[in-house]
Amino acid sequence: MHTKSENADFYIQKDRQEMPRKAYIRYTAAFAILLVLLVLFIIWNINSGSIHISVKEIIQILFQKQGDETSYNIVWEIRFPRILAALILGGALSVSGFLLQTFFNNPIAGPFVLGISSGAKLVVSLVMIYMLERAAVASSGLLIVAAFGGSMISMGFVLIIAKKVKNMSILVISGTMIGYICSAVTDFVITFADDSNIVNLHNWSMGSFSGISWENVRLVAAVIFFCMIFTFLMSKPISAYQLGEAYAQNMGVNIKAFRMALILLSSILSACVTAFAGPVSFVGIAVPHLVKSLLKTAKPILVIPGCFLGGAVFCLFCDLIARTVFAPTELSISSVTAVFGAPVVIYIMIRRKRTMQ
């Protein structure tokens, strides 16, 4: 006969064996859901628009490069680059938000909330106006550099405030104020731009994935690909840093270099988004939280790819709504992401306050 202690040990061992299996099933199911949604929204986005194109025609155009000339141009030159842009930039913005939340140890830190996107928007708008007034077009690379410069300026102000203020709520409010200042200056600049420039700048400043070319997609995909590789390679240091700076130092992490890497990666990722799609709100805050809730873990090795997939799905869904709900009028992408992202942020703040009490 088994004693009570032997029975207890048996059940404890059984639970330990079942826990990794349950976690593995949950992770597999979560990524499967995200991938299915991604494919669904890609097909739905290609199929939706003022001109209906059947799924059969879409497959012929994409894989066989055959079909009606008008349909071919609509899919290959307008819809598909836009879909890839929403996918890549949405994923980048979500990962950028996760890195900033790790850096500041705050679930509501993000490129839009901390004013980083607004700083990038200001510098890009100045560069665009300067180039347009000289009858020149700003290259894709120049826009990314300008957006990165603006991001770093805003991030610099946020870091200065972070050294003076230890309260994260005040830091977030300060970042929001920096964002308002940058947006006000941008609006002032756009107001006094030439009439021919105002329309383009206004549409861009509201946030949109429209008008993105294959050249833009190739460049932004290359930049974000390398950033994602570096981010993924930092999974272990991020995991250690989540347990506290002291623990990370004991594990051999160079805190100064690590924090600098987080700043640079998050700034480049958010700069790419702002350069081509304008400021996109709430994706960087809401998506990482939703992904963590779906996976039920904060392990960076899982959350980083999860955030990229989640951001891609979220932005494809929001872009679909922006294009189709009031067609032919198109909504700004930020308006739609705010509608779905803001409630998540409110929930995070309420939950955070309850846990602190």
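Note: the structure precedes this text.
Residues numbered from 1 in each chain as written. Predicted model: local features only at pLDDT ≥ 70, side-chain atom pairs only at ≥ 80, totals over all residues. Heavy atoms only, no water.

Compared with the 52 Å implied by 1.5 Å per residue over 36 residues, the 51 Å span of helix 3 (residues 69-104) between its first and last C-alpha is a close match. Counting buried positions over the 36 residues of helix 3 gives 29, a clear majority of the element. (Helix = DSSP H or I, 4+ residues; strand = E, 2+ residues; numbered from the N terminus. Expected span 1.5 Å × (residues − 1). Buried < 20%, exposed > 50% of the residue type's maximum accessible area, 1.4 Å probe, protein only.)

This part is about the packing of aromatic side chains. Using the criterion set out here, one finds nine aromatic pairs in the structure. Aromatic side chains Phe-225 and Phe-226 sit 5.7 Å apart centroid to centroid with 70° between the ring planes, which places their arrangement in the edge-to-face category. With relative accessibility at 51%, the residue Phe-225 sits in the exposed group. Judged by centre distance (5.1 Å) and plane angle (65°), the rings of Phe-317 and Phe-340 are edge-to-face. Of this pair, Phe-317 sits in helix 13 (residues 300-324) while Phe-340 sits in helix 14 (residues 333-356), and the two are 23 residues apart along the sequence. Residue class for Phe-317 comes out partly exposed when judged on its relative accessible area of 26%. Residue classification places Phe-340 among the partly exposed positions, given a relative accessible area of 35%. Through pairs of rings, three or more aromatic residues link up here, namely Phe-41, Trp-44, Phe-317 and Phe-340. Lying over the aromatic face of Phe-103, Arg-259 brings its terminal NZ or CZ to 4.4 Å of the ring centre. (Phe/Tyr/Trp six-rings, centres within 6.5 Å; stacked < 30°, edge-to-face > 60°. Lys NZ or Arg CZ within 6 Å of the ring centre and 35° of its normal.)

Turning our attention to unusual backbone geometry. With phi around 70°, Phe-282 is a residue other than glycine that occupies positive phi space. One non-glycine residue, Lys-296, lies in positive phi territory at about 60°. One can find Lys-296 in the loop between helix 12 (283-295) and helix 13. Assessed through its relative accessible area of 60%, Lys-296 is described here as exposed.

The next subject is the packing of helix 3 against helix 13. Look at helix 3 against helix 13: their axes get within 7 Å of each other, and the N-to-C directions meet at 135°. The orientation of helix 3 with respect to helix 13, classified from their angle, is oblique. Crossing hand, helix 3 versus helix 13: right-handed. On helix 13, the residues that touch Arg-82, Ile-83, Ala-86, Leu-87, Ile-88, Gly-90, Gly-91, Ala-92, Ser-94, Val-95 and Phe-98 of helix 3 are Pro-300, Val-303, Ile-304, Cys-307, Phe-308, Gly-311, Ala-312, Cys-315, Leu-316, Asp-319 and Arg-323. Tallied by class, residues from the contact of helix 3 with helix 13 come to 15 nonpolar, four polar and three charged. (Axes fitted to C-alpha atoms, helices over the stretch in contact; angles between N-to-C directions. Parallel < 35°, antiparallel > 145°, perpendicular 65-115°, else oblique. Left-handed = near helix turned anticlockwise from the far one by under 90°. Contact = heavy atoms within 4.5 Å. Nonpolar A, V, L, I, M, F, W, Y, C, P; charged D, E, K, R; others polar.)

One pass over the full model with this rule turns up three salt bridges. Close ionic contact of Arg-259 with Glu-245 constitutes a salt bridge, the shortest N to O distance being 3.1 Å. Taken together, the positions of Arg-259 in helix 11 (residues 255-277) and Glu-245 in helix 10 (residues 245-250) put the pair 14 residues apart, joining distant regions of the chain. Given the relative accessible area of 25%, Arg-259 is considered partly exposed. Here the residues in one salt-bridge network are Arg-82, Asp-319 and Glu-330, joined through shared partners. (Salt bridge = Lys/Arg side-chain N within 4 Å of Asp/Glu carboxyl O.)

With that settled, the discussion passes to the nonpolar core. If you look at the biggest cluster of nonpolar residues, it comprises 96 residues, and the most contacted ones within it are Leu-89, Leu-99, Phe-104, Phe-209, Ile-224, Ile-238 and Leu-295. Tallying contributions element by element places helix 3 first for this core, with 18 residues. The next biggest cluster of nonpolar side chains, apart from the first, holds eight residues, and it includes Val-113, Val-172, Val-344 and Ile-348. (Core = buried A, V, L, I, M, F, W, Y, C linked by side-chain atoms within 4.5 Å.)

Further remarks concern the side chain of Ser-154. Positionally, Ser-154 belongs in helix 5 (residues 140-164). Reaching out from Ser-154, the side chain makes a polar contact with the backbone nitrogen of Gly-119 at a distance of 3.5 Å. Apart from the residues within four sequence positions on either side, Ser-154 is in contact with Gly-115, Ile-116, Gly-119, Ile-178 and Cys-182. (Polar contact = N/O pair within 3.5 Å; in protein donor to acceptor, adjacent residues only side chain to side chain.)

This brings us to the environment of Phe-31. Relative to the elements of secondary structure, Phe-31 occurs in helix 1 (residues 4-47). Separated by 260 residues in the primary sequence, Phe-31 and Val-291 place their C-alpha atoms 9.8 Å from one another. Here Phe-31 is in contact with Leu-295, Leu-302, Pro-305, Gly-306 and Leu-309, once residues within four sequence places are set aside.

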